[in-house]
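Chain residues, written in single-letter form:
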Amino acid sequence: MALRPAPPVTLPSPCSSVLRYRPIPVRWCPYIGRLNHSTPIFARAPDEANARSVSAFTRPVDSEHSTFLPSMDEKRDTRRRFEQWARNPACEANTISAVHGIPMAEVAHSEGVSSVMGQSPFAIARGLTFERSLFRNDAAELRSALEENGVLPAGSHGFSDLRLRRNGGPIRDLDAAREETIELLRMMGSERGGLRPTIVASPTVLIPSGVMLPEALLVIDLIAVDYAAQGVKITVGEIKTYPDRGGHTDSHELATARAQSGVYVHALRMVLRQLGLDDSVMVADHGFLVLSRPGFNKPSVRAGEDLRYQAWRAQRGFVQLEAAAERLPSLENKADPDRRIRAVHEAATDYDSSCVSFCDRAQICFRAAVEAGNPAILGHDVARFLGNIPLGRAMELMEGADCRDAAEEDLVRRLSEGT
Amino acid sequence: MGSDLVIRRLHSWHERRPLPRYSTIHIPVAKSVDALVVAFVRMAGESAPWGVAVGRRGAKPDILAVPEARNRDLVADMMAKLAPSLLAHFRHPAYPDVVTGPDDPRPVRQIWLPNESHVDMLHALAYAYTFTRWGDSGRAQVLNALGRLCGWLFREAQRPGQVAVISAASALRYAYTFPADDLRQAHLGFLLAWVETRANRDERLAAAMQAEQHSMSITLDPAIERNELESRVERWNDANKSGSAAVAAEAARIEQVLSRELLHRYTLTQRAIEIISNDSRPVNVGVQQLEKEARREYWFQYLSAEQRRDDNDGKPVFTPSPETDRDAAAAASRFYAHAASEEHRLAVLVQHDDDMQNEIIAAGHGLRGEIISVRDEGYAGKAMPVWVIRSPDRPLSVRPDSKLCVAGLPDRELRIRSIAREESGMLSIQAEVMNLVRGPRARTDVRHAADPRLAGTIVTLLPSNTAGILSRKSQKVWERSIPGAWLTHARPRGARAKLPEEVVEHGEGPAGPEGAQ
């Protein structure tokens, strides 16, 4: 569409005392490059603009997704793979990818499709910076927010940092983090005195059963620990850097964060049981989310998040995943990369409209679903409405084709009643 | 999604194109002077804009951008430059175009945004600037005004039936049924490709899939940030720290990328506006009622407070927090106000839209049938017509004692007395005519409700407009002299009710009944 040129400049001028902000038309600004000079835009006089140097305040970067690990560690952190599987467990290709840790981006690349699911470098940097700011000075700011929201009792103390060095922590690698976590859990459960941290950053656990191949390692964002007289209680926390906008915070994002926390609750319980500590250390049914304040680099804590159902979901999911993993072809970790990719490529797929949001191969599967007349391309509701009747056959019925069975007769009836 | 929507989507796939939804257009498109188009982009992870495109309907945009979106000062300067455009458009009292009251007859001013993520950006701006004191006090005042406006625009965007804040993608989804799943329909480019491509289904689908590769949200495609912007921003930061002359050149390069992205979002929004504006369907007559309601909301929820503030008489003016109302009465009042808006929207639009009537009947909220018999059970000279209506058996949310009105004659209200299933499989409904028994005086074509000649006519009964009751409730909930008010009207206190200073509301409290209009 051809747009008209911008209309002649009619600069709106403040005419009251309230907005006494000196407007001057600006054509070029060193901060923002060239401007369209027909713009009804105002700038401060140059002397005012320069009075506060641009570099005087540079807010630290942040990101939507706090957990960032470099590629090797990322592959070992199986929470992402579990969530990937949980988004479409009916897809065999997705299950193979998740269980064997074969990135869909690589499979898509081998099929000539470029990945569109990557993370922004700014988001990654923002995540790291936000986490670092939370854990700075023995997590002083975070502790204050947790105490204010009742996650920790007032006057709590003790911080244990199990983050990897590359994330600003003191730990060498994930194996060391896991050993330190086990040691810490044992210490929590023992009657002896010693280190009793109330905030633990990045505790790392290995899920006992062999669900994920070759291992199932989970890096938890943080836990808060309460050493009350009744026993030790661990509360799982999840850090996200997207803004907490009260009741308008993205409900889908919140649901994802709760689901992740539920996985951690379940995993911690499994580990405590394996260590024989489940009598002395309990994991709370409620967790908390640490989000950022919009426009400010400060934490916003959402306490009392009910994670019972998410933990059950994780428990059920791991059982199902284990069963699915047993049915999969054997692929050793060191198998030929091409063979691993081929295994995903050759597996059956089950397109779902939600695939668009997480899978690099969604476009390929969508095209295949269109050709196959899979009603899922029009959404869950249409797929449910048509049942086992392919889209092409539904179109024929809409054009007046004779019904072949009772299901088709029922569909024709519903189509006629609904219009 | 109801079965009627599912079936429409199937029809749309069958027809190989988007199908018009409803027989009238429900979204008014303002003229160029009254419609402002705004598109944002942000740096991933940030809540404030990195750049913004703003312009009138049909005009080229003005583009503002900063080289470093993490620099709070730079962003604040940019938003202070944007503020006059938005404030003047919405007739802020600091600008010459004065609004005198809620009945100001001029058209409603609109802001069009590409999709819902851009509407959310208004909320982020309200958070950032409503109470800011950062930097120069003059700039802070402008930003405060911008924050308050954005806060109201965001709140208004949540009200059903509002016509001031329009997401282009939502408007298209509302006006057409697309042969695609809900997730894909969030993308404005995808929707436009379906509407604009004049070819067969495969080509339309290919165009739509091509279009959805380009991000339309406020967040840029990560590949663009990674490949085109990351190094440039880094170089700009280095040059800026060292005071190098290269800073301007680097800023220009960054702005070039952001301008391209902004222009894409802006142009697509303009195209969506023209598609809706050029649609051959008539604009629903009821839209005038929605505009009237929008003017009242604009006045009572935004402008009157701005005018009081502009009077500068020293009296405190309540500024709501972008975080929460923190007042049970205020929350209850707005709940009823929104419920009333939804009732009002349905009631005024459905009378002039056959497809919408069909949708309501398919959903079971109304019914259509033949009047089998008419009898008058009146006494002492007062008529009490009772109609027996035969209607196809389908799931109904209508129950005995439900109030319905006659399509095309909204003031003629009926109370359902009974609903029975006949042996023939049809429903037999007895309904008593409560209002407008004689018919409107100005119309001679409407028969008396007790006229036996009505037997044999097909009548459509729709939910009656209860917006008035809900509006009155929205005012009555402010009443504090009631039993239990100490509990229901208590304002939250204690540590958990404490808001951070940057978002705490100013003033004595919400505006009260006036604000609940």
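Residues numbered from 1 in each chain as written. Chains lettered and ligands numbered in written order. Predicted model: local features only at pLDDT ≥ 70, side-chain atom pairs only at ≥ 80, totals over all residues. Heavy atoms only, no water.

> Got a minute to help me understand the packing of aromatic side chains in this structure?
In this description, a pair of aromatic rings is defined by centroid distance and the angle of the planes. One pass over the structure, following the stated rule, counts 13 aromatic pairs over all chains. For the ring pair Phe82(A) and Trp85(A), a centre distance of 5.9 Å and an interplane angle of 40° mean the geometry is tilted. Here Trp85(A) and Phe82(A) lie together in helix α3 (residues 79-87), a separation of 3 residues that amounts to about one turn. The burial state of Phe82(A) is the same as that of Trp85(A); both residues are buried. Plain terms: the ring middles of Phe135(A) and Phe159(A) are 5.7 Å apart, the flat faces sit at 20° to each other, and that makes the pair stacked. Taken as a pair, Phe135(A) in helix α6 (residues 121-148) and Phe159(A) in strand β3 (residues 159-161) lie far apart in primary sequence, 24 residues in all. With relative accessibility at 17%, the residue Phe159(A) sits in the buried group. One aromatic cluster is present, formed by Phe90(B), Trp152(B), Tyr298(B) and Tyr302(B) through successive ring pairs. (Phe/Tyr/Trp six-rings, centres within 6.5 Å; stacked < 30°, edge-to-face > 60°. Helix = DSSP H or I, 4+ residues; strand = E, 2+ residues; numbered from the N terminus. Buried < 20%, exposed > 50% of the residue type's maximum accessible area, 1.4 Å probe, protein only.)

> Just checking my understanding: could you explain the nonpolar core for this structure?
A general tendency of soluble globular proteins is for nonpolar side chains to be buried together. Counting residues in hydrophobic clusters, the biggest one holds 193 residues, and the most contacted among them are Met188(A), Leu10(B), Trp50(B), Trp112(B) and Leu172(B). Looking at which element gives the most residues to this core, the answer is helix α9 (residues 246-277) of chain B, with 12 residues. For Leu172(B), the contacting residues outside a window of four places in its chain are Phe178(B), Leu188(B), Leu191(B), Leu192(B), Ala272(B), Ile275(B) and Ile276(B). (Core = buried A, V, L, I, M, F, W, Y, C linked by side-chain atoms within 4.5 Å. Contact = heavy atoms within 4.5 Å.)

> Got a minute to help me understand the pattern of salt bridges in this structure?
When the charged atoms of two side chains with opposite charge come close together, those side chains can pair. What the rule picks out here adds up to 55 salt bridges over all chains. The partner of Arg163(A) in a salt bridge is Asp161(A), and the shortest N-O contact between them spans 2.8 Å. Residue Asp161(A) is classed as buried on the basis of its relative accessible area of 18%. Its salt-bridge partner being Arg91(B), residue Asp97(B) comes within 3.0 Å of it at the nearest N-O pair. Under the relative-accessibility criterion, Asp97(B) is labelled partly exposed at 28%. Looking at Arg91(B), the relative accessible area reads 6%, which means it is buried. A single salt-bridge network, built from bridges that share partners, covers Asp34(B), Arg91(B), Asp97(B), Asp104(B), Arg106(B) and Arg109(B). (Salt bridge = Lys/Arg side-chain N within 4 Å of Asp/Glu carboxyl O.)

> What is the right way to read the sheet that holds strand β3 (residues 49-56) of chain B from this model?
Strand pairing in a sheet relies on backbone hydrogen bonds. The paired strands run either parallel or antiparallel. Residues and elements named next belong to chain B. The strand order across the open sheet formed by 5 strands is β4-β3-β2-β5-β6, and the pairing between neighbours is mixed. One side of each edge strand has no neighbouring strand; the edge strands of this open sheet are β4 (62-65) and β6 (165-167). Neighbour to neighbour, the strand axes of the sheet diverge by 20° on average, direction disregarded. Across 3 bridges, strand β5 (residues 110-113) lies against β6 in parallel orientation. Within β6, the position partnered with Trp112 by the bridge is Ile166. (Pairing = 2+ DSSP bridges. Axes fitted to C-alpha atoms, helices over the stretch in contact; angles between N-to-C directions.)

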